[in-house]
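# Observations on the model geometry
Here are the chains, one letter per residue:
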Amino acid sequence: MNNSGVITHAATSLDLDKFQKYIGGKHALVAQGGGQRGIFTSGVLDAFLLSNFDPFHEFYGTSAGALNLCAYLCRQSGLGRAFITELTTDPQFFHLFSYIRRKQYLDLDWALNQICEYPYKLDIDMGRRALGKRKAMAAVTDNATMLDQYLPMLGDDWMKVLIASCAIPRLYHEPVEVGGRLYVDGGVSASIPVQEAWRQGARCIVVIRTESETLDQEKQLASLETAEVERFRELEWFRESFSSIQEQWQQKFTKWKSGWNGFLIQQLDRSREQKKNQGLVEPINGGRWLFGADDIYRVSHLLGDKFDAGLADMLMVHYQTYSLTEEFLSEPPDDCFVVQIRPEQPLKSTSLLSKKEDLFHDYELGLAAGYRFVDTYSSLKSR
């Protein structure tokens, strides 16, 4: 077994002797994004809090992962769960039909303002005291360069930083300005910021995932009936629209399967012509970091958007960086050990529009996986 391992709610796949050699070094906790799937991360981190478990020196989170880490550092068990199950399911946060018909956007500002008020009362001052001289960074994507950047998540501009990390292009109304630069969702360029933790010297890296296993491109492109689309279809009057869209786009998906690279190159060539003739085109929401590439093409078509230069750039960045991250996780450098805490099976919840019962189910899975990791780590420390 190499220097990586996996812990789920039901099983541990880990070379304990090898792992023990690394737990004396610098620790980092990394939390993936995933929208409402972050409920699994909420469960893991609540298990840590309820076990008084915090051996970490640095923290790195993307989107929902950054929000969950913020609640963890503020020592508020249950707050991450409440944010997802109560606030992100409120129509004020996101209402699909209103978004499609009147262009009402993902209301991150409302949700974060709510989390600061009664009955939630996010305690940022406590978080700063708990963090001390340690480092907690939220991944964002520079809107101009499409490169990942990392901003302190508990600084004076903490709310802007968290919004920027979650600001999915076109679902959120505009890039977020922090320190004179514009940023969008960190999931575009760093959906799992594990490499940054390693670059900053962490050698025992714990990664909380919201996916059960690695999915190759073929599986991603073939998965037309994902949970997100099923949730859309549950909305009765919307069913006919998606049926017609599926038929229109089926040929494009077939083309993807027979040659993703060739198709993407073709679209990139087209986008370069657009840039020459029209300048940069506003990017639309796209990519696996929220809906999955296939679903976002349906949604963008429904909204009247086209495959433009911005979407091509974002898809290219996302797939390249995600592929490199998967390689890193499967075969980490020899000087570190990576443990993934992730679901045993695909979560029942989806990125948006999840059922509350599914969210609570996935929270319990995360809670169990978190306790399993704490027990495993504690047993090694006591040897």
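Everything numeric here is computed off the predicted structure, so don't read it as measured data.

### Describing helix H4 (residues 79-87)
Along H4, 7 of the 9 residues are buried, which leaves the element largely enclosed by surrounding structure. For H4, the complete set of buried residues consists of Leu79, Gly80, Ala82, Phe83, Ile84, Thr85 and Leu87. Taken together, the buried residues of H4 touch helix H2 (39-50), helix H3 (64-73), helix H6 (108-115) and helix H17 (356-381).

### Comments concerning the side chain of Ser349
Along the chain, Ser349 turns up in the loop between strand S10 (337-341) and H17. Judged by its relative accessible area of 1%, Ser349 falls in the buried class. Of note is the side chain of Ser349, whose polar atom sits 2.6 Å from the side chain of Asp362. If we skip the residues at most four places from it in the chain, Ser349 touches Gln36, Arg37, Ile39, Ser354, Asp358, Leu359 and Asp362.

### Remarks on the packing of aromatic side chains
Within this structure, the stated rule accounts for 15 aromatic pairs. Ring centres of Tyr60 and Tyr150 lie 6.4 Å apart, and the angle between their planes is 85 degrees; this geometry places the pair in the edge-to-face category. A residue pair is termed long-range when its members are at least 10 positions apart, and Tyr60 in strand S4 (residues 58-62) and Tyr150 in strand S6 (residues 148-152) qualify at 90 residues. Accessibility expressed as a relative area gives 15% for Tyr150, which makes it buried.

### Some details on the pairing of strand S9 (residues 204-208)
Counting buried positions along S9 yields 5 of 5 residues, so the element is predominantly enclosed. The alternating pattern of S9 places Cys204, Val206 and Ile208 on one face and Ile205 and Val207 on the opposite face, and all of these are buried. Judged from the 5 bridges that link them, strand S3 (residues 27-31) and S9 form a sheet pairing that is parallel. Residue pairing across strands places His27 opposite Cys204, the latter belonging to S9. When S9 meets S10, the two strands line up parallel, connected through 5 bridges. Across the sheet, Ile205 pairs through a bridge with Val338, a residue of S10.

### Digging into the UniProt feature "active site" (unreviewed entry) in the protein chain
When the UniProt feature table is mapped to this numbering, "active site" (unreviewed entry) covers Ser63 and Asp185. The largest pairwise C-alpha distance within this set of annotated residues, which runs over 123 residues, is 6.8 Å, so the set is compact in three dimensions. Its location among the elements puts Ser63 in the loop between S4 and H3. Assessed through its relative accessible area of 12%, Ser63 is described here as buried. Beyond its immediate chain neighbours, meaning those up to four positions away, Ser63 contacts Gly33, Ser165, Cys166 and Asp185. Looking at where Asp185 falls in the secondary structure, it is placed in strand S8 (residues 181-185). Exposure remark for Asp185: the relative accessible area of 3% places this residue in the buried category.

Parameters at a glance
- The residue count restarts for each chain, going from 1 along the sequence in the order it is written.
- Side-chain atom pairs in this predicted model are given and counted only at pLDDT of 80 or more, local residue features only at pLDDT of at least 70, and totals for whole chains, interfaces and linings cover all residues.
- The basis for the side-chain values is all heavy atoms of the structure; hydrogens and waters are excluded.
- A simple rule labels every residue: compare its accessible area, found with a 1.4 Å probe on the protein chains alone, to the largest value its type can have, and call it buried under 20%, exposed over 50%, or partly exposed in between.
- A helix here means a DSSP run of H or I that spans at least four residues, while a strand means a run of E at least two residues long, and both kinds are numbered starting from the N terminus.
- Here a residue-residue contact requires only that any non-hydrogen atoms of the pair lie within 4.5 Å.
- Contacts described as polar in this section are N or O atom pairs within 3.5 Å, which, within protein, must combine one atom able to donate a hydrogen with one able to accept it, while residues neighboring in sequence count only if both atoms come from side chains.
- Planes of paired rings set the category: under 30 degrees apart is stacked, over 60 is edge-to-face and the rest tilted, where pairs are Phe, Tyr or Trp rings (Trp by its six-membered ring) whose centres lie within 6.5 Å.
- Any two strands between which DSSP finds at least two bridges are classified as paired.
- UniProt positions are given in the numbering used here, feature names are shortened, and annotations may be inferred rather than shown by experiment.

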